Amino acid sequence: MLSLPKIRMKSLLNSKTHPKISLSTLKFISSLAAVKNPSFLPAENPSLFDPFQFLSDYTKSTQCTISDTRILHAHFLRIDLLPSNVAIANSLLDRYCRSGSMADALHLFDVIPERNVISWNFMVSGYYRSSMFEESWGVFCRMRCSGFEPDEFTYGSVLSACTALQAPSLGEQVYSLAMKNGFFSSDYVRSGMIDLFAKSGSFEDALRVFRDGSCRNVVIWNGVISGAVRNGENGVALDLFRLMCCGFLLPNSFTFSSVLTACAALGEIGIGREVQGWVIKRGAEDVFVGTAIVDLYSKCGKMNEAVKEFSRMPTRNVVSWTAIISGFVRKDDSISGLKFFREMRRMGEEINKFTITSVLTACAKPSMSEEAIQIHSLILKSGLYSAAEVGSALINAYSKIGAVDVSEMVFREIRTLKDLGTWAAMISSFAQNQNPESAIGVFQRMLQESVRPDKFSTSSVLSIIDYLDVGRQIHSYTLKVGLAFDASVGSSLSTMYSKCDSLEESYKAFQQIRDKDNVSWASMIAGFSEHGFADQALQLYREMPYKEIIPDQMTLAAILTACSASRSLLIGKEIHGHALRAGVGRDVVVGGAIVNMYSKCSALELARRVFDMLPQKDEVACSSLVSGNAQNGCIEEALLLFHYMLMADLTIDSFTISSILGVIALLNNPSIGTQMHAHITKIGLNSDVSVGSSLVRMYSKCGCIEDCRKSFDQIENPDLICWTAMIASYAQHGKGAEALRGYELLKEEGIKPDSVTFVAVLSACSHNGLVEEAYFYFNSMAADYGIKPGYRHYACMVDVLGRSGRLKEAERFIINMPIEPNGLIWGTLLAACVIHRYVELGKLTAKKIMDLEPCDASTYVSLSNMCADLGLWEEAEQIRNQMRGNRMRKEPGWSLV
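Residues numbered from 1 in each chain as written. Predicted model: local features only at pLDDT ≥ 70, side-chain atom pairs only at ≥ 80, totals over all residues. Heavy atoms only, no water.

Asks: Which residues make up the overall build of the protein chain, and what are the values?
Replies: Looking only at helices and strands, the protein chain has 52 helices and 0 strands in total. Here the protein chain holds 897 residues, and the buried ones make up 47% of them. Long-range contacts, defined here as pairs at least 24 residues apart, represent 60% of the contacts in the protein chain between residues at least 6 apart. A total accessible area of about 44800 Å² is found for the protein chain, and carbon and sulfur atoms account for 52% of it. (Helix = DSSP H or I, 4+ residues; strand = E, 2+ residues; numbered from the N terminus. Buried < 20%, exposed > 50% of the residue type's maximum accessible area, 1.4 Å probe, protein only. Contact = heavy atoms within 4.5 Å. Areas by Shrake-Rupley, 256 points an atom, 1.4 Å probe, with all protein chains shown as cover.)

Asks: A description of the state of the cysteines should follow, citing residues and the corresponding values.
Replies: Per the counting criterion, the structure on display carries 0 disulfides. The thiol of Cys-145 is unpaired, and the distance to the nearest cysteine sulfur, on Cys-141, comes to 6.8 Å. With no disulfide partner, Cys-704 has as its closest neighbouring cysteine sulfur the one in Cys-702, 5.8 Å distant. (Disulfide = S-S within 2.5 Å.)

Asks: Break down helix 34 (residues 569–581) for me, citing the residues and quoting the values.
Replies: Compared with an ideal rise of 1.5 Å per residue, which puts 13 residues at 18 Å, helix 34 spans 18 Å between its outermost C-alpha atoms and is within 8% of the ideal. Buried within helix 34 we find Gly-572, Ile-575, His-576, Gly-577 and Ala-579. Residues of helix 34 that are buried in the fold lie against helix 32 (534–543), helix 33 (553–566), helix 35 (588–600) and helix 36 (604–613). Just beyond helix 34, the residue with positive phi is Gly-583, at close to 80 degrees. (Expected span 1.5 Å × (residues − 1).)

Asks: Quick rundown of the packing of helix 33 against helix 35? Include the residues and the values.
Replies: Contact pair helix 33 / helix 35: the axes reach a minimum separation of 9 Å and the direction vectors enclose 5 degrees. Taken as axis vectors, helix 33 and helix 35 run roughly parallel relative to one another. Residue-level contacts link Gln-553, Leu-556, Ala-557, Leu-560, Cys-563 and Ser-564 of helix 33 to Val-589, Val-590, Ala-593, Ile-594, Asn-596, Met-597 and Lys-600 of helix 35. Here the residues of the contact of helix 33 with helix 35 sort into 9 nonpolar, 3 polar and 1 charged. (Axes fitted to C-alpha atoms, helices over the stretch in contact; angles between N-to-C directions. Parallel < 35°, antiparallel > 145°, perpendicular 65-115°, else oblique. Nonpolar A, V, L, I, M, F, W, Y, C, P; charged D, E, K, R; others polar.)

Asks: Residues and numbers for the nonpolar core, please.
Replies: If you look at the biggest cluster of nonpolar residues, it comprises 141 residues, and the most contacted ones within it are Met-123, Ile-324, Phe-341, Ile-356 and Ile-379. Non-local contacts of Phe-341, meaning those with residues more than four positions away in its chain, are made with Ile-325, Ile-351, Thr-355, Ile-356, Val-359, Ile-375 and Leu-378. (Core = buried A, V, L, I, M, F, W, Y, C linked by side-chain atoms within 4.5 Å.)

Asks: Any details on helix 21 (residues 353–362)? Residues and values, ideally.
Replies: Burial analysis of helix 21 places 7 of its 10 residues in the buried class, the great majority of the element. Buried residues of helix 21: Thr-355, Ile-356, Thr-357, Ser-358, Val-359, Leu-360 and Ala-362, and no others. Among the residues of helix 21, the N-terminal cap falls to Asn-352, whose side-chain oxygen and the backbone nitrogen of Phe-354 are separated by 3.1 Å. (Polar contact = N/O pair within 3.5 Å; in protein donor to acceptor, adjacent residues only side chain to side chain.)

Asks: Pulling in residues and values, what's your account of the packing of aromatic side chains?
Replies: All chains considered together, the criterion is met by 27 aromatic pairs. Ring geometry for Tyr-743 against Phe-758: centres 5.8 Å apart, planes inclined by 55 degrees, an arrangement best described as tilted. Of the two residues, Tyr-743 sits in helix 44 (residues 736–748) while Phe-758 sits in helix 45 (residues 755–767), which places them 15 residues apart along the sequence. By relative accessible area, Tyr-743 is classed as buried at 0%. (Phe/Tyr/Trp six-rings, centres within 6.5 Å; stacked < 30°, edge-to-face > 60°.)

Asks: Got a sec to walk through the pattern of salt bridges? Specific residues and values, please.
Replies: Per the counting criterion, the structure on display carries 24 salt bridges. The salt bridge involving Glu-305 is made with Arg-273; its shortest N-O contact spans 2.6 Å. You can see Glu-305 sitting in helix 18 (residues 303–312) and its partner Arg-273 sitting in helix 16 (residues 269–282), a full 32 residues away along the chain. On the basis of relative accessibility, which here comes to 25%, the residue Glu-305 falls in the partly exposed class. The network of salt bridges with common partners includes Arg-608, Asp-612 and Glu-637. (Salt bridge = Lys/Arg side-chain N within 4 Å of Asp/Glu carboxyl O.)

Asks: Explain the environment of Leu-606 to me, and be specific about the residues and the numbers.
Replies: Locating Leu-606 in the fold gives a position in helix 36. Overall, the relative accessible area of 24% leaves Leu-606 in the partly exposed class. Look past the residues within four positions of Leu-606 in its chain and what remains in contact with it is Lys-573 and Tyr-598.

Asks: I'd love a proper account of the side chain of His-475, names of residues and values included.
Replies: Considering the arrangement of structural elements, one finds His-475 in helix 28 (residues 468–481). Of the residues examined, His-475 reaches a relative accessible area of 10% and is grouped as buried. Once you skip the residues sitting within four places of it in the chain, His-475 turns out to touch Ala-484, Leu-493, Tyr-497 and Gln-512.

Asks: Give me the lowdown on the environment of Met-676, citing residues and values where you can.
Replies: Among the secondary structure elements, Met-676 is positioned in helix 40 (residues 670–682). Sequence separation of Met-676 and Leu-695 is 19 residues, and the distance between their C-alpha atoms is 9.4 Å.

Asks: How would you explain the confidence of the model for the protein chain if you had to name every residue and give the values?
Replies: Looking at the protein chain, pLDDT values average 83 and 87% of them are 70 or higher. Least confident of the elements in the protein chain is helix 1 (residues 4–13), whose mean pLDDT is 30; most confident is helix 19 (residues 318–330), at 93. Long-range and interchain partners of residues 1–41, a stretch whose pLDDT sits below 50, account for 48 contacts in this model, where long-range means more than four residues apart. When the criterion is pLDDT under 50, residues 43–49 qualifies, and its contacts beyond four places in sequence or with other chains add up to 3 contacts. (pLDDT = per-residue confidence, 0-100.)

Asks: Would you mind going over the packing of helix 28 against helix 29 (residues 487–499) in detail, with residue names and values included?
Replies: Direction vectors running N to C along helix 28 and helix 29 enclose 160 degrees, while the axes themselves pass 10 Å from each other. It follows that helix 28 is roughly antiparallel to helix 29 by the angle criterion. For the crossing formed where helix 28 meets helix 29, the hand is left-handed. The segment helix 28 lies against helix 29, with Leu-468, Gly-471, Arg-472, His-475 and Thr-478 engaging Val-489, Leu-493, Met-496 and Tyr-497. Broken down by class, the residue content of the contact of helix 28 with helix 29 amounts to 5 nonpolar, 3 polar and 1 charged. (Left-handed = near helix turned anticlockwise from the far one by under 90°.)

Asks: Talk me through unusual backbone geometry; I want residue IDs and the actual numbers.
Replies: In this model, Glu-548 sits at a positive phi of 60 degrees, which is unusual for a non-glycine residue. Looking at the secondary structure, you find Glu-548 in the loop between helix 32 and helix 33. The backbone phi angle of Ser-602 is positive, close to 65 degrees, even though this residue is not glycine. Considering the arrangement of structural elements, one finds Ser-602 in the loop between helix 35 and helix 36. Classification of Ser-602 by relative accessible area gives partly exposed; the value is 45%.

Here's what the structure looks like:
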């Protein structure tokens, strides 16, 4: 038997093999082999050859190729069958379309002498199946211009093409034409239109089309249910599924996969299990349904069950593997996620961009930098680097690892894609690593390269801005492009203005948001709370129900912070009750905020009760309770809670450390303080500013001034609080020269002193008798820094003069004060009178104090003791009798020793 090339050459040399055909078909002869007896054609009894039966069997065959179809085409041309038989031409046309050879299909279509609707349908659907959607639409238009009336199959195919073209307006025109021509009840037309509306984001219109006719077709139900899931209407999807089942229609695997996806999105694990039971009963589990079940358990956090279902799947695809990997990543179990990824690679399963983005999220930790680099190499090798989602995930991973320079390198390499996601990822990377200049620079480059920032890019850059002028410029841009009214951008604007201490502009930005969400309300409430406007925060919270906004965990945490700031225990209890009714009272975030509120309001018993009921105790709740006990003098309880945090391996932050150092300072036990200092050094917080200043105060109160100075020297960049603590420590230990030297060093560092700093400086002058220096620094407050002296500053000056024996000068100083002297000022003078035994002035001073604070027993005691020291026993006894007559008792002294 001759080979196919030899047969073709022999037939071309033999003129008898060429039938007489018209000129219009000559172009096919040049490209098709004219074979006398192809191997798949009947060689004997050609008179018994049935072309219809043959084409039917040929189409069903899995071995037919485009080459064989072309040979068959040539054979039909040779026997002159095509021009006279449109049915055979249509069957051949269908074969070309199914094979994806649309060029050959078009050549054949153009020479069919008497085309019918079926011919046009094959071309419209063929182009659609080959993803040539514009050509599919073009053939439909040509069909209409040629005078052919489309049928329901034509409308169904062209509607699918409009969906793929994302052209809902064209689809609506086609649907109107279909309704006009009487195809209103056609399932093909309705399912196509439902799919078009659903994929165009017009689910309400899809639902209207669904309800406009009878629903006896599973395909239509599947279309509207999947459309609901696609548009985030998962609750509607479950309602539709219940209606479908009540109508005695049996769902198929496509229905089940959509419904399971809706259950996963809603976290409805119970309904999902019921659907899974029905799947098992119906035997409808395929790879898609199995994947949906795995995804359900993964998204609901049931990873053991997800792994069990995954292992039972007879066939798995890349989506199945990605679902199980993503589940572990969401549970923050990066190790298990990477193990499954390694197994996926070992089994030779292909990976896609979604798999890679999940794995990169798993590697986005400082401890997994090596794995991130390996995945980066795999991306380069697999050719997935050009996918914008993968590039964005890489930038984000390196950012969270802390390798911002590598993030920049990746961004430079993929920037040609000009994808908004990559720009937003780079801005977010700089924002996460506290680099506002670079974040703003990337944002400016976006504008220079004509890439219009979206809401994600704009929100990211606003989150890092703390310059009011720059923030206002970006605000102007958002107003120009209409982004200022978006909920996420508006919330970021409000937060930015709040951080820049422009609360009025913050509230204006909040009011401009059209559809405020919980994030918007929580941001504004938090802004009011942080700036001391707790009443406004509470008022804003009360407005939420009128706007039909149900407060979420973030909003409740924000309003509880406002209650903490204003010490509003009663309102805090009301919010606590609301949180319990909403079912979030034991949520980690809300629970921590409730503990903090009760602690700040000194309701430690309630704070402890809520803390004990929390199923998961995090660092915030523990730190709040430690701080509350420390501030209220519950030393033992605070230390026990700190010990609990250590045993539970909870992260201990600088706030907790500062609180516990304050407790140790009250104990006046340097050994415990030294142990705590060792732990601080071990966890690397010894250079932290707040911890450092707390260490300075702790050692100072324990009398260890040298350790105090060593702790101060370990702080990398001491701020004003640290310097003030050090100056005050020197002052308390009688080291006036060192204290004043510290003040001069503070000024050399370019740090502006505040009123508390001057109290420490004046106290140093007082303890060392530096009267002239005290006058100098006191006058410097207003002259050099614009700080108006307060009662404590005046008290320090009176103390300086009193300790130096200049009591008359101290009295004149008090009389000449621009503000009315209070008990603290007169008490300081009385103490000096007692020391210097200045009775007459002491009596006058005591009378002033008694007029201001008649219930203060210490004044009577001091005056009585002074008289007794001078031998004035009658006057001393008279003062004691007066004290007893007023039913006042001296508070007994106490000591921790």
